[in-house]
Amino acid sequence: MSKRSLQQLAASPRLEVASRTLVAVFGGYALAAVTTAALALWLPVDRADAVITGTLLSFLIHTVAVLFAFSSRSARRAWAGILAPTLVGTALVWLGGPA
């Protein structure tokens, strides 16, 4: 492949939509799951209440992640904007230790 055809592929609207779809579905799910776990560990309420609160908020978080993925200016911003809080949440879960 020539350099020009690789640039055309990188600028392809299909690839942009596919990338946003991947980050919306899988990145949003990962963000919602990690946030649920972090809330279950760190909320200062009974464990059952913390788990229920985190689970209910996960639906909102995933929806907002999907909206963010398709409203950001580029697919790179969408990936960064979803993966960065996912990594922060992962660190919080790791710091929370075993339940």
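Our subject is the structure listed above.
If you're wondering where the values come from, they're calculated on a predicted model, not measured in any experiment.

All right, on to the packing of helix 3 (residues 47–71) against helix 4 (residues 75–96) then. The geometry of helix 3 relative to helix 4 is characterised by a closest axis approach of 8 Å and an angle of 155° between their N-to-C directions. In terms of orientation, helix 3 and helix 4 fall into the roughly antiparallel class. Crossing of helix 3 against helix 4: the hand is right-handed. Along the contact surface, helix 3 presents Ala65, Phe68 and Ala69, while helix 4 presents Arg77, Ala78, Gly81 and Ile82. The residue inventory of the contact of helix 3 with helix 4, partitioned by class, reads five nonpolar, one polar and one charged.

A surface patch of nonpolar side chains, amounting to about 460 Å² of accessible area, comprises Leu22, Val25, Phe26, Trp79 and Leu83. When contributions to the nonpolar patch are tallied by element, the ones reaching two or more residues are helix 2 (13–42) and helix 4. Counting residues per element, the nonpolar patch draws most heavily on helix 2, at three residues. Along the polypeptide, Trp79 turns up in helix 4.

Among soluble globular proteins, nonpolar side chains are generally buried collectively. Counting residues in each nonpolar core, the largest one holds seven residues, listed as Val23, Ala24, Leu31, Ala65, Ala69, Ala78 and Ile82. Contact partners of Ala78, with chain neighbours within four places excluded, come to Val23, Phe68, Ala69 and Ser72.

This paragraph deals with the packing of helix 2 against helix 4. It is at 8 Å that the axes of helix 2 and helix 4 come closest, and there the two elements cross at 20°. With respect to their mutual orientation, helix 2 and helix 4 come out roughly parallel. The way helix 2 lies across helix 4 gives a crossing that is left-handed. Here the residues of the contact of helix 2 with helix 4 are counted per class, giving 17 nonpolar, seven polar and two charged.

To continue, consider helix 2. Taking 1.5 Å of rise per residue, 30 residues should cover 44 Å, and helix 2 covers 41 Å from first to last C-alpha, within 8% of that figure. Approximately 25° is the largest bend angle found in helix 2, and it occurs at Gly27. Between a side-chain oxygen at the N-terminus of helix 2 and the backbone nitrogen of Arg14 the separation is 3.3 Å; the capping residue is Ser12.

On to the pattern of salt bridges. A full pass over the atoms with the stated rule returns one salt bridge. Note that Arg20 and Glu16 form a salt bridge whose closest N and O atoms lie 3.2 Å from each other. You can see Arg20 and its partner Glu16 sitting in helix 2, four residues apart, about one turn around the helix. By relative accessible area, which is 9% here, Arg20 ends up buried. Judged by its relative accessible area of 28%, Glu16 falls in the partly exposed class.

What counts and what doesn't
Residues numbered from 1 in each chain as written. Predicted model: local features only at pLDDT ≥ 70, side-chain atom pairs only at ≥ 80, totals over all residues. Heavy atoms only, no water. Axes fitted to C-alpha atoms, helices over the stretch in contact; angles between N-to-C directions. Helix = DSSP H or I, 4+ residues; strand = E, 2+ residues; numbered from the N terminus. Parallel < 35°, antiparallel > 145°, perpendicular 65-115°, else oblique. Left-handed = near helix turned anticlockwise from the far one by under 90°. Contact = heavy atoms within 4.5 Å. Nonpolar A, V, L, I, M, F, W, Y, C, P; charged D, E, K, R; others polar. Patch = residues over 30% accessible without salt bridge, like charges linked within 9 Å, V, L, I, M, F, W, Y side chains within 5 Å. Areas by Shrake-Rupley, 256 points an atom, 1.4 Å probe, with all protein chains shown as cover. Salt bridge = Lys/Arg side-chain N within 4 Å of Asp/Glu carboxyl O. Core = buried A, V, L, I, M, F, W, Y, C linked by side-chain atoms within 4.5 Å. Buried < 20%, exposed > 50% of the residue type's maximum accessible area, 1.4 Å probe, protein only. Expected span 1.5 Å × (residues − 1). Bend = angle between axes of the 7 residues up to and from the residue. Polar contact = N/O pair within 3.5 Å; in protein donor to acceptor, adjacent residues only side chain to side chain.

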